[in-house]
Amino acid sequence: MNVEQARFNMIEQQIRPWNVLDAGVLSLLAIVKREDFVPSAYRALAFVDTEVPLGDCQAMLFPKVEARLLQEAQVHRHETVLEVGTGSGFMAALLSHKARSVITLEKRAALAKLATEHLKRAGVSNVTVREMDGAAGLPGEAPFDVIMLSGSVADVPAALLEQLKPGGRLLAVVGQEPMMRAVRITRQADRSFKSEALFDTVAPRLDGFDEPGAFRF
């Protein structure tokens, strides 16, 4: 496989047509080596328009979904990011280039270990991986500028929204199969929340997010 040609094709044939036009995001996708975050058994799928299995019913998101969520998060260099659902560490690696610092939470020990190894090998120094259930976020270290849920939820927990700064954004894929929708929820200065529907998609369910008491919109 010609890796660089496959990467170019992924960006130009999958990602750009999905309204990912931010030059900074597109250049990141050319620089951050997605193949280094894919399990070796599935390395041939690194640039394919599909979810890549990570084991135990978990998967990397479609490349176009990762890219679109990153674009819509509108992360700035001075900002702090909380990611829930580390997976292979690829989204955290992308976020690390956009943000000042990233904390990423992964419930599954094997994935937390894998992501830590991937990020270390990639030379990423401003991401902290924590093995823990991310459904409640990190209230003791809030507020955050951006919260990224790298997987789907039935509803967005109010506890996570409360951990956003004014002007902060939470990105998530919300709903039930076969119909889910990516949304961006922004915290307003008056402590209210503005929700925007971004695009329809599907994504693997994050652990622990089916509990009642969620924020609905």
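What you see is a predicted model, and the numbers here were worked out from it, not measured in a lab.

Participant: I keep staring at the pattern of salt bridges and nothing clicks. Help me out?
Facilitator: Side-chain pairs of opposite charge can arise where the charged atoms are in close proximity. Scanning all chains against the criterion turns up 18 salt bridges. For glutamate 162, the salt bridge is made with arginine 187, and the minimal N-O distance between the two is 3.3 Å. Of this pair, glutamate 162 sits in the loop between helix H6 (158-161) and strand S8 (164-176) while arginine 187 sits in strand S9 (residues 179-187), and the two are 25 residues apart along the sequence.

Participant: For this particular structure, what's the right way to read the nonpolar core?
Facilitator: Nonpolar side chains in soluble globular proteins tend to end up buried together. One finds Leu29, Leu69, Leu94 and Leu95 to be the most contacted residues of the largest nonpolar core, which totals 46 residues. It is helix H4 (residues 90-98) that provides the largest number of residues to this core, a total of six residues. Apart from the residues within four sequence positions on either side, leucine 29 is in contact with Arg7, Ile11, Ile15, Ala67, Phe90 and Leu94. The next biggest cluster of nonpolar side chains, apart from the first, holds 21 residues, and it includes Leu82, Ile103, Leu149 and Phe209.

Participant: Help me out: how do you make sense of the environment of arginine 121 in this one?
Facilitator: Tracing the sequence through the fold places arginine 121 in helix H5 (residues 109-121). Using a relative accessible area of 62% as the deciding quantity, one classes arginine 121 as exposed. Separated by 72 residues in sequence, arginine 121 and aspartate 49 place their C-alpha atoms 25 Å apart.

Participant: Would you take a moment to explain the pairing of strand S4 (residues 101-106) for this structure?
Facilitator: Every regular strand shows the same layout, with side chains that alternate between the two sheet faces. When you tally the buried positions in S4, you get five out of six residues, the bulk of the element. Sheet topology places strand S3 (residues 80-84) next to S4; five bridges connect them, and they run parallel. By the bridge assignment, valine 81 is partnered in S4 with valine 102. Pairing analysis gives five bridges linking S4 to strand S5 (residues 127-131), with the strands arranged parallel. Opposite isoleucine 103, over in S5, you have threonine 128 as the bridge partner. Between S4 and its parallel partner S5, the chain crosses via H5, and the hand of that crossover is right-handed.

Participant: Sorry, what's going on with unusual backbone geometry here?
Facilitator: It is generally the case that most residues other than glycine have a negative phi and that most peptide bonds are trans. Between alanine 142 and the following residue, proline 143, the backbone shows a cis peptide bond with an omega angle of 10 degrees. As for its position among the elements, proline 143 is in the loop between S5 and strand S6 (144-153). Looking along the chain, the bond that leaves glutamate 177 and enters proline 178 is cis, with omega of 10 degrees. The backbone of arginine 191 shows a phi angle near 75 degrees, a positive value even though the residue is not glycine. Relative to the helices and strands, arginine 191 resides in the loop between S9 and strand S10 (193-201). Residue classification places arginine 191 among the exposed positions, given a relative accessible area of 56%.

Participant: Hey, could you run me through the pairing of S8 in this one?
Facilitator: With six bridges connecting them, S6 and S8 associate as parallel partners. Bridge assignment links serine 152 to a residue of S8, and that residue is valine 173. Alignment of S8 against S9, held across eight bridges, turns out to be antiparallel. Residue pairing across strands places arginine 169 opposite threonine 186, the latter belonging to S9. Between S8 and the antiparallel strand that follows it, S9, lie two residues.

Thresholds applied
- Residues numbered from 1 in each chain as written.
- Predicted model: local features only at pLDDT ≥ 70, side-chain atom pairs only at ≥ 80, totals over all residues.
- Heavy atoms only, no water.
- Salt bridge = Lys/Arg side-chain N within 4 Å of Asp/Glu carboxyl O.
- Helix = DSSP H or I, 4+ residues; strand = E, 2+ residues; numbered from the N terminus.
- Core = buried A, V, L, I, M, F, W, Y, C linked by side-chain atoms within 4.5 Å.
- Buried < 20%, exposed > 50% of the residue type's maximum accessible area, 1.4 Å probe, protein only.
- Contact = heavy atoms within 4.5 Å.
- Pairing = 2+ DSSP bridges.
- Right-handed = clockwise from strand over helix to strand, strands pointing away.

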